[in-house]
Amino acid sequence: MLIQRIISILLLSAALPVLSETTPVLKVVTTEYPPFEYVEDGVLQGHDVDTVRTVLRAMGFEPDFQVLPWARAEMMVRRGNADLLFSLTRSPERERHYLFTAPISSARDVLYARKDARLSWTSYKDLTDLSVGVTAGYSYAPEFMAWLGQGQSQVVTMNQENPDLAGLRMVAMGRVDVFICEEKACNHLIDANKGRYPELSRVTALPGVVGDERFFRAAFSRQRPDAHALRSEFNQVLERLELEITD
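Conventions and cut-offs
Residues numbered from 1 in each chain as written. Predicted model: local features only at pLDDT ≥ 70, side-chain atom pairs only at ≥ 80, totals over all residues. Heavy atoms only, no water. Pairing = 2+ DSSP bridges. Helix = DSSP H or I, 4+ residues; strand = E, 2+ residues; numbered from the N terminus. Axes fitted to C-alpha atoms, helices over the stretch in contact; angles between N-to-C directions. pLDDT = per-residue confidence, 0-100. Contact = heavy atoms within 4.5 Å. Disulfide = S-S within 2.5 Å. Buried < 20%, exposed > 50% of the residue type's maximum accessible area, 1.4 Å probe, protein only. Salt bridge = Lys/Arg side-chain N within 4 Å of Asp/Glu carboxyl O.

Quick word on the sheet that holds strand β8 (residues 109-114)
Strand order in this open sheet of five strands is β10-β9-β11-β8-β12, and the pairing throughout is mixed. Edge positions in the open sheet fall to β10 (154-158) and β12 (203-205), since each of these has one partner strand only. The average angle at which neighbouring strand axes cross in this sheet is 30°, direction not considered. Looking at chain direction, strand β9 (residues 131-135) and β10 are connected through five bridges and run parallel. Within the sheet, the bridge partner assigned to Thr135 lies in β10 and is Met158.

So, unusual backbone geometry
Residue Pro35 is reached from Pro34 by a cis peptide bond, and omega for that bond is 5°. Counting through the fold element by element, Pro35 comes out in the loop between β1 (25-30) and β2 (38-40). Between Phe86 and Ser87 the backbone carries a cis peptide bond, its omega angle lying at -5°. Phi is positive for Asp41, which is not a glycine, with a value near 55°. Looking at the secondary structure, you find Asp41 in the loop between β2 and β3 (43-45). A positive phi is found at Asp129, a non-glycine position, where the angle reads about 75°.

Topic: the confidence of the model for the protein
For the protein, per-residue confidence averages 91 on the pLDDT scale, and residues scoring 70 or more make up 90% of the total. This stretch, residues 6-11, has a pLDDT under 50; its non-local contacts, to residues over four places away or in other chains, come to five contacts.

Describing the environment of Leu148
Inspection of the secondary structure assignment puts Leu148 in helix α5 (residues 142-149). Sequence spacing of Leu148 and Val132 is 16 residues, and the spatial spacing of their C-alpha atoms is 8.7 Å. Those residues within four positions of Leu148 in sequence are excluded, and the remaining contacts are Val132, Val134, Ser153 and Val155.

Considerations on the state of the cysteines
Throughout the structure, instances matching the rule amount to one disulfide. Disulfide pairing places Cys181 opposite Cys186 at an S-S distance of 1.8 Å. Sign of the S-S torsion, about 90° for the bond between Cys181 and Cys186, identifies this disulfide as right-handed. Each member of the pair, Cys181 as well as Cys186, carries the same accessibility label: buried.

Let's talk about the pairing of strand β5 (residues 84-88)
Two faces, one strand: in a regular strand the side chains alternate between the faces of the sheet. Taken across its five residues, β5 has five buried, putting it largely inside the fold. With two bridges connecting them, β1 and β5 associate as parallel partners. What sits directly across from Val29, in β5, is Leu85. In this structure, β5 lies alongside strand β13 (residues 214-221), joined through four bridges in antiparallel fashion. Paired with Leu88 across the strands is Arg217, a residue of β13.

Section: the pattern of salt bridges
Applying the stated criterion across every chain yields a total of 16 salt bridges. One salt bridge connects Asp191 with Lys194, and the closest N-O pair in it is separated by 3.8 Å. Taking the relative accessible area as the measure of exposure, Lys194 reaches 40% and is therefore partly exposed. Here Asp226 and Arg224 are joined by a salt bridge, their closest N and O atoms 2.8 Å apart. Since its relative accessible area comes to 29%, Asp226 is described here as partly exposed.

Pasting the structure below:
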């Protein structure tokens with residue numbers, strides 16, 4: 001299914017009209033979150049990058065991509081200094097600042113632990129008294145966040161430039177018992193970095209999903225007067241090009 005979707009994006013991109021120098025530009029910000037969006041050999045690429053680029057060009061815009069730390073990217077869109085942000089999940093708090101598009105990809109949050117720890121879980125109670133690593137500013141399942149708020153585990157927040165990699169390494173070195181991370185993203189990080197950080201070979205994903213499958217979206221700044229119209233057109237094009245992930 002993923003291969004078919006990638007092929008569809010490439011074919012649709014090739015069929016789009018060539019944009020001129022007078023084509024309106026949208027300032028689009030994101031952060032590195034492979035395999036969804038990442039820079040390789042100086043080029044921004046990834047599943048969600050291809051989708052956003054294809055949809056915006058079909059709308060008649062040329063995206064001006066900028067890769068930034070997540071907190072800065074969010075602040076730029078909230079203040080109206082950038083037009084569009086991706087990829088992120090929808091939450092009531094974020095709805096105050098953004099107009100979310102339909103889903104552009106799906107995600108599953110899982111827990112990572114050391115293989116030799118022999119941990120397993122079926123309910124959050126099984127994590128009681130463990131140290132749980134989370135990434136600052138990320139929106140996890142509400143029930144998981146509520147459980148963390150009860151104080152039955154030690155919460156360790158990752159504020160590093162690459163928080164997911166830092167969390168995985170802390171698990172590998174025994175500094176954190178479990179770390180919550182999107183499955184595709186952290187599997188990619190382990191495969192890409194275990195040569196540089198051999199300790200990552202000690203880490204594995206535990207069976208079970210934290211919350212439900214999530215959907216990543218793009219989000220327009222509410223500071224733009226035409227944000228509702230842009231969001232509506234984005235969704236229409238996304239559906240017409242059959243790139244939308246079922247919500």
